[in-house]
Amino acid sequence: GMSHFGNHELIKNCTIYQDEGATTTLSMDYYLVFRGNHNMAVNNYVKRANSGVGHTGYVGIKSGEDNGQHIGSVYNLFANNKIYGIGRSLLARNSTTNFNVFKNNYVEGLGTKSGGGIAIFGGVKGNIWEGNTIKNVKEFIQIWGNSEDAWDTNKTMENNIIRNNTFHNASELILGQNDDW
């Protein structure tokens, strides 16, 4: 996968995939993720082809700790990407993953038994998901609390906007879960 730590980066017209012929039960964790500010992922193709592997992976934006320092992720853009078979797509994860935009992406899961379209973890604030098409997933929207985000003790998401998205074929509209419970 492609994990980018830094600012002002552009990932455009790339293909990121897990091999369809993989026989292992291991899988990539982050297929495409930014940790930093003012980055853009545009017109990329991301595919997890083998549904037999264990972990379903992530595509999105994450903040968190790196060598003892908290790294925020703000003002990033994910636009016009095609994402197939990823368990947690259009991800905003952990506090200070704020003011990011996910726009006009196409997400297709491996069916209604696993995976999700929009994934929100922990105390993210002010993010926008707009104009995305999400189909054939277990949950259209996943909202998770998590204990890995030591920087935000209340883990409350606030002022996020999910608007004008198109959803087709899922088992659940919204999944809310907290792994601290």
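Residues numbered from 1 in each chain as written. Predicted model: local features only at pLDDT ≥ 70, side-chain atom pairs only at ≥ 80, totals over all residues. Heavy atoms only, no water.

1. Some thoughts on the overall build of the protein
Then step 1. Assigned secondary structure in the protein consists of zero helices and 21 strands.
Then step 2. In the protein, which comprises 181 residues, the proportion classed as buried is 47%.
Then step 3. Here the contacts in the protein between residues at least 6 apart in sequence split such that 82% fall between residues at least 24 apart.
Then step 4. Split by element, the accessible area of the protein, about 8,400 Å² in all, is 48% carbon and sulfur. (Helix = DSSP H or I, 4+ residues; strand = E, 2+ residues; numbered from the N terminus. Buried < 20%, exposed > 50% of the residue type's maximum accessible area, 1.4 Å probe, protein only. Contact = heavy atoms within 4.5 Å. Areas by Shrake-Rupley, 256 points an atom, 1.4 Å probe, with all protein chains shown as cover.)

2. What about empty space enclosed by the protein?
Vacant regions in the atomic arrangement are exposed by a probe of water-molecule size rolled over the atoms.
Then step 1. The final tally for this structure, using the stated rule, is one cavity of 30 Å³ or more.
Then step 2. One number sums up the size of the largest cavity: a volume of about 30 Å³.
Then step 3. Around the largest cavity, the lining residues are Arg48, Thr56, Gly85, Ile86, Gly87, Gly109, Leu110, Ser114 and Gly115. (1 Å grid on protein atoms, 1.4 Å probe; cavity = no way out; pocket = protein on both sides within 12 Å on 5 of 7 lines; lining within 4 Å. Points joined across faces, edges and corners; volume = space filled by probe spheres on them.)

3. Considering the sheet that holds strand E18 (residues 128–130)
Strands belonging to one sheet form pairs held by backbone hydrogen bonds; the direction of such a pair is parallel or antiparallel.
Then step 1. Pairing is parallel across the open sheet formed by six strands, whose spatial order is E2-E5-E11-E15-E18-E20. Of all strands in the sheet, those bounded by a partner on one side alone are strand E2 (10–12) and strand E20 (161–163). Looking at each pair of strands side by side, their axes are set apart by 5° on average, direction ignored.
Then step 2. Summarising the sheet, strand E11 (residues 77–79) and strand E15 (residues 101–103) pair through three bridges and their orientation is parallel. Directly across from phenylalanine 78, in E15, lies its bridge partner phenylalanine 102. (Pairing = 2+ DSSP bridges. Axes fitted to C-alpha atoms, helices over the stretch in contact; angles between N-to-C directions.)

4. Here's the deal with the packing of aromatic side chains
Then step 1. This structure, assessed with the given rule, holds eight aromatic pairs.
Then step 2. Note on phenylalanine 34 and phenylalanine 78: the rings are 5.8 Å apart at their centroids and 70° apart in plane angle, and the pair reads as edge-to-face. Placement of phenylalanine 34 in strand E4 (residues 30–35) and of phenylalanine 78 in strand E11 is noted, with a sequence separation of 44 residues between them.
Then step 3. Phenylalanine 34 gets classed as buried once you look at its relative accessible area, which sits at 0%.
Then step 4. Considering the side-chain rings of tyrosine 58 and phenylalanine 121, the 6.2 Å spacing of their centres and the 70° angle between planes classify their relative orientation as edge-to-face. Within this pair, whereas tyrosine 58 is found in strand E7 (residues 58–62), its partner phenylalanine 121 is found in strand E17 (residues 116–121), the two being separated by 63 residues in sequence. By the burial criterion, tyrosine 58 is buried, and phenylalanine 121 matches it.
Then step 5. Following the ring pairs from residue to residue traces out a cluster consisting of Phe34, Phe78, Phe102 and Trp129. (Phe/Tyr/Trp six-rings, centres within 6.5 Å; stacked < 30°, edge-to-face > 60°.)

5. Describing the side chain of asparagine 136
Then step 1. Along the chain, asparagine 136 falls in strand E19 (residues 133–145).
Then step 2. A distance of 2.6 Å separates the side chain of asparagine 136 from the side chain of asparagine 169, its partner in a polar contact.
Then step 3. Among residues more than four places away in sequence, those in contact with asparagine 136 are Glu108, Gly109, Leu110, Gly111, Thr112, His168 and Asn169. (Polar contact = N/O pair within 3.5 Å; in protein donor to acceptor, adjacent residues only side chain to side chain.)

6. As for the pairing of strand E3 (residues 15–18)
Then step 1. Of the two faces of E3, only the one carrying Ile16 and Gln18 is buried; Thr15 and Tyr17 on the other face are not.
Then step 2. Sheet topology note: the E3/strand E6 (residues 45–48) ladder contains four bridges and is parallel. The residue bridging tyrosine 17 from the neighbouring strand is lysine 47, located in E6.

7. Side note on the nonpolar core
Most often, soluble globular proteins keep nonpolar side chains buried together rather than apart.
Then step 1. Counting residues in hydrophobic clusters, the biggest one holds 24 residues, and the most contacted among them are Leu32, Val46, Val59, Phe78 and Leu90.
Then step 2. Put simply, the parts of the chain that give this core at least two residues each are E4, E7, strand E13 (88–93), E17 and E19.
Then step 3. For this core, the element with the highest residue contribution is E19, accounting for four residues.
Then step 4. Ignoring any residue separated from it by four or fewer positions in sequence, one finds valine 46 in contact with Ile16, Tyr31, Leu32, Val59, Lys82, Ile83, Tyr84 and Ile86.
Then step 5. Judged by nonpolar contacts, the second largest core, of eight residues, contains Val33, Tyr58, Leu91 and Ala119. (Core = buried A, V, L, I, M, F, W, Y, C linked by side-chain atoms within 4.5 Å.)

All quantities given are derived from atomic positions and should not be read as evidence of function.
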